[in-house]
Each structure stands twice: as C-alpha cells, then as structure tokens.
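Working through the structure, step by step
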Amino acid sequence: MVDPGTRHPPKLAIIGAGMAGILAAIKLTEAGLTDFTIFEKADRPGGTWRENTYPGLSCDVPSHLYSYSFALTPEWSHRFSPGEEIQAYFERVADEHGLNSRTRFGDEVTRCEFSQGRWHLETASGYRAEADIVIAATGVLHHPKIPDIEGLSRFEGSAFHSSQWDHDAKLDGARVGVVGTGSTAVQIVSAIVDRVATLSLFQRTAQWVLQADNPAYTEAERADLRRDPARLTDLHAELSKQFDVFARVVVDAESPEMAMIEEACRANLENTVRDVELRERLRPDYRAACKRLVVSPNFYEAVQRPNAELVTEQIECVEPSGIRTRDGRLHELDVLVLATGFKANAFMRPMELIGRDGITLDHAWADRPNAYLSITIPDFPNFFMINGPNGPVGNFSLIEVAELQFSYIMQLVDRIRSGESREVCATREAMERFEAARVEASQKTIWMTGCRSWYLDDRGIPAVWPWRFERFREEMRSPKLEAFDLR
Ligand code: NAP
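Now for a quick tour of the structure. The shown structure was predicted, so the numbers you read here are calculated from the model rather than taken from an experiment.

Notes on the sheet that holds strand S17 (residues 335–338)
Here five strands make up an open sheet; going across it, the order is S8-S17-S9-S10-S13 and the pairing parallel. Unpaired on one side and paired on the other, strand S8 (158–161) and strand S13 (308–311) mark the two borders of the sheet. The sheet shows a mean angle of 15° between the axes of neighbouring strands, direction not considered. When strand S10 (residues 198–202) meets S13, the two strands line up parallel, connected through four bridges. The residue of S13 that forms the bridge with Leu-201 is Leu-310. Relative to strand S9 (residues 175–179), helix H4 (residues 183–192) is tilted by about 160°, and along the sheet it contacts S9, S10 and S17.

Let's talk about the pairing of S17
Put simply, side chains in a regular strand alternate between the two faces of the sheet. Of the two faces of S17, the one carrying Val-335 and Val-337 and the one carrying Leu-336 and Leu-338 are both buried. For S8 and S17, the ladder comprises four bridges, and the chain directions are parallel. Directly across from His-161, in S17, lies its bridge partner Leu-338. As paired elements, S9 and S17 share four bridges and run parallel to each other. Directly across from Val-176, in S17, lies its bridge partner Val-335.

Overview of the packing of aromatic side chains
Remark: the centre distance and the inter-plane angle together describe each pair of aromatic rings, the angle taken between the planes. Summed over the entire model, instances satisfying the criterion amount to 22 aromatic pairs. When the ring of Trp-454 is compared with that of Tyr-455, the centres are 4.7 Å apart and the planes differ by 45°; the resulting orientation is tilted. By way of ring pairs, the aromatic residues Trp-49, Tyr-66, Tyr-68, Phe-70, Trp-76, Tyr-89 and Phe-90 are connected into one cluster. One cation-aromatic arrangement involves Arg-104 over Tyr-127; the distance from NZ or CZ to the ring centre is 3.5 Å. Between the NZ or CZ atom of Arg-471 and the centre of the ring of Trp-467, over which it lies, the distance is 4.0 Å.

Describing the sheet that holds strand S15 (residues 322–325)
Spatially, three strands are ordered S14-S15-S16 in an open sheet, and the strand pairing comes out antiparallel. Lying at the two open borders of the sheet, with one neighbouring strand each, are strand S14 (315–319) and strand S16 (330–332). Direction aside, the axes of adjacent strands within the sheet are offset by 25° on average. Sheet analysis places S14 next to S15, joined by four bridges and oriented antiparallel. Opposite Val-318, over in S15, you have Ile-323 as the bridge partner.

Thoughts on the layout of surface pockets
Here the second largest pocket is characterised by a volume of approximately 510 Å³. Along its surface, the second largest pocket is lined by 19 residues, and Leu-210, Gln-242, Phe-243, Phe-246 and Ile-261 are the ones closest to its centre. It is helix H6 (residues 229–250) that provides the largest number of residues to the lining of the second largest pocket, a total of six residues. A per-class count over the lining of the second largest pocket returns 14 nonpolar, three polar and two charged.

Considering the state of the cysteines
What the rule picks out here adds up to one disulfide. Across a sulfur-sulfur distance of 2.2 Å, Cys-290 and Cys-451 are joined as a disulfide pair. With the S-S bond torsion at -95°, the cross-link from Cys-290 to Cys-451 turns out left-handed. In this pair, Cys-290 is assigned in the loop between helix H8 (276–281) and strand S12 (294–296) and Cys-451 in the loop between helix H12 (428–442) and helix H13 (469–477), connecting sequence segments 161 residues apart. Looking at Cys-451, the relative accessible area reads 15%, which means it is buried. Free cysteine Cys-265: the closest other cysteine sulfur is in Cys-290, separated by 12 Å. Cysteine Cys-425 shares no disulfide, and the gap to the nearest cysteine sulfur, in Cys-112, comes to 14 Å.

Rules behind the numbers
Residues numbered from 1 in each chain as written. Predicted model: local features only at pLDDT ≥ 70, side-chain atom pairs only at ≥ 80, totals over all residues. Heavy atoms only, no water. Pairing = 2+ DSSP bridges. Helix = DSSP H or I, 4+ residues; strand = E, 2+ residues; numbered from the N terminus. Axes fitted to C-alpha atoms, helices over the stretch in contact; angles between N-to-C directions. Contact = heavy atoms within 4.5 Å. Buried < 20%, exposed > 50% of the residue type's maximum accessible area, 1.4 Å probe, protein only. Phe/Tyr/Trp six-rings, centres within 6.5 Å; stacked < 30°, edge-to-face > 60°. Lys NZ or Arg CZ within 6 Å of the ring centre and 35° of its normal. 1 Å grid on protein atoms, 1.4 Å probe; cavity = no way out; pocket = protein on both sides within 12 Å on 5 of 7 lines; lining within 4 Å. Points joined across faces, edges and corners; volume = space filled by probe spheres on them. Nonpolar A, V, L, I, M, F, W, Y, C, P; charged D, E, K, R; others polar. Disulfide = S-S within 2.5 Å.

As structure tokens, this is what we get:
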C-alpha cells in the first residue's frame, strides 16, 4: 500500500475521441481527474460516426436511447436519426465539455509500453507522452474488411468500402453494385435505389430483416420534450427496458420472445416481397438474429424497384467494367460499393501494446482477443478498455454499455488515485474462469444456431456477452477485488 500522501493525481491517456473516449473524458473531469490527454488519429471527434458517411447511414438503436444518459437531447429528428445528426451530437457534446483543447488530433498512437510503473506512449509523428493509466476507447468495428475478389484493383469505375465512401463518385444515373447484405448494405440500398440507373445487390447470404418504421418527430413533440426534461429521462429509461428484452431473448434461443422476433421477420418477408421467386432467394436458411439482426423500414421495397436486381450467383471476379458472376454474366457497373463488414477482432491494433515484463498484446492475444469482463487484461496494468472484446455488442446501445463499463473502470481508477494500489489488472485465473463460463453460456445463444457472422471467433464461439443484460449491469456495479492482481 502506497502512502496516499505521496501520490499525485494520476495522469491519464485516453485513446480515441469517439463515443467512448468522449464519455471517459467527461466522467474523469466530473471526478476531478483533469490531468488527461485524448489521442485521436483523425482530425475531429466522432469515431464510427465520423468514419461512416455512406448514404442512408443511421443508427437502428432509437436516438433517445443512443444518447449519453447525462446529455439527453429533445432535438432528435427521427426515431432512428441519420448518421450526420449523430456525428453532430458527439461533436457538440465534446465541444460543450471543452474536450477539443484536450485532444491531440491527427496523431495516431502507434506504441504503448508499460515500464517502471507507467505507460509510455508514442504516436505516428514521434510525439511521446507518459501516463499512469490508459483508457482504450478505440472502437470495435473500424478496420474495413476488403474482400479478396480477383481483379478488384482492375475495376475502372469507383470502388470503395462502405466506411470509406467516395463522395466524388457520381451516383445519380449510375450503374451501382453493392456487395454484401449486412446492416450497412441494407441502409445504402434503401437510400440510393431511387437515384441510380441500376442497382445490383450481390448477396452471398440472405438476411432476416425486422421491419421498423422511422417516423420523424414533429416540432410539437420536440417542444414537449424541451418543456419537460423528465419525459426525456423516462423515454430513455423506457427504451432501455425494451432493449433489455431483446438482450434477454438473444441469449436464449428457445425463448418464446425469440420465436416472436423470428415470426415478425418471416411476416415481413412474406407480406412485403410479392414475387415468389425473389422471396425465396431473400429467405435465409438460418434463424433470425443468428447474424446481427438487420432493421429496416423499407429494404424489401427497395430491392423490388424495377431498376434493382438481387444477384445471388456467386461472384467470379471483378473486371474493368464490372462484376462477373459464376454463371458467366458480366454486371456492368460504374460504382462498386463493398459493404463487406469489418475485422471484428482487431480492437486497438495495429497499435503495439507492451505490458509488464515485455509481454506484447500480440502474444497475449495470439489465440484470440480475451479480457476479464472485456475491460482488463492480465499483465497490462492500469490499462482499461471500453467496448473491448467479448462484451455486449450488436443490437444494443453501445453507449449504455460504455457508461456501465466506465463506472466500473472509474472504481479501479479511484483505487489508484487514492494510493490503495499502484497497479491494477485482472488475474489470469479470473480471466480464464470468466472465459470458460462465457464459452459455456454461449451454447444457448441464438448466435450459435448455425450461421456465419462477425460475432463468431475462430472456434465458432460468439465473441460477445452471452448472458442477460441485467447480469451485465450487476457485474458492472462494482469490481470483485479477488479477481484482480493489485500491487
Ligand atoms: P456485416 O454485417 O459483416 O456484413 C458484411 C456483408 O458482406 C455480409 O452480407 C457478407 O456476406 C458480405 N461479404 C463479406 N465478404 C464478402 C465477399 N468476399 N463476397 C461477397 N459478400 C461478402 O457488415 P456491415 O453490414 O458493415 O455491418 C457490420 C456491423 O456494423 C453490423 O452488424 C452492426 O453491428 C453495425 N452496424 C450498425 C448499424 C446500425 O444502424 N446500428 C448500421 C450499420 C452497421 P456473408 O453474410 O455471407 O458473410
């Protein structure tokens, strides 16, 4: 135990100025810990909402839930507001809390090493900094997965990943191909189909789609919420409760509520897709919500437009003028959008992370990413992740997840601040016990019922929280100190 009198308030580094980094900075400031720097590789905050600018981008978690609980706003335009409005929200919150002056923009952290009781950070520009505690708020899905399709580099039109949208590419009147049928592709297709000359959607695997309308809030509704902020809080709480139900059913594949979700997806397909042959090609051969459930007000309408074609023949190769499918047909294209998802297991990497005694993250994660409660890694003291591996992701509000995780992290930070501990990280035993329980609980989840998805790790185990959300809340209430290596 260190004499509290000899400790200075800890110095912190937050990596990432997205939703989680902004949250961490605000909460640290509130707690009186103001000696921190945010490191952000891009030139402004916003994370995923800054990176993704594709047409139709929105968040399919309702906006009044996808908001910080401490910065609710009556101003959302829609139930599921557009991406640029969400980006503006994060920029505003960061600005209102004076975070921009605390952020080192445009300089990526490339190395982070723990030695002599402190973290030593190095950035791409060669800048060096030290910190007692590092908060990794680096996001989950941010490394684009570019498909290995022969000839892709020879395409003569514009080809780009959905998260690197080329706004110079002309869509109006163009022949556009979209590869992929995940949440991203579905939003893009619905948004652009009426602008383009032809839209070819290359589907490798069909998706279940849950229909959800996206009404705009009226000015009167917004005015009501402005007048009565308590209603905003109630709305947030109510939506959070509704999501608890969803979280409950995905971890119990045989629950009656899961059957209701599956039935709703089936009804959407049956009632909306008129052509029988098209309907069958759109029908998945696995259970709804096995892959991340796609939510859309109008995807099936979009693929039934006369200028839209669902292509289910496998892609053979890309040629200079388009995509050739296995049946020998050339689909001529001007624009090719790769809505092919992300490398879900990259997390902080490619940053070089070196913990106690020279242990590298690549070594610690040689098999796959792993952490105790998705927050702390043995031998990486005073390094805490928000939205790290194996936590609740997918159809949840990651903001709510991050707030709960940060309140847990804050309790560990407080131990360091008070001098109770100098170095805090999970024990290997605690992590292994947690992982074994997690793998066992995964067996009952909907994600294990027979489909390919980004949830699944190399063993086919979903890399997510497999229990109810109530259990997550409970676990995040306070750290169990016996699970920690405290020095
Ligand atoms: P995704 O769900 O991983 O979907 C990628 C799609 O690309 C799949 O249809 C996949 O087919 C296809 N694909 C990948 N490689 C291919 C190849 N070589 N040839 C043909 N098809 C290929 O990615 P995403 O749509 O970008 O979504 C990722 C996640 O981001 C979502 O699950 C969600 O969690 C999040 N997201 C959320 C929102 C929101 O509104 N909240 C919006 C967008 C994204 P297979 O199915 O056959 O693998």
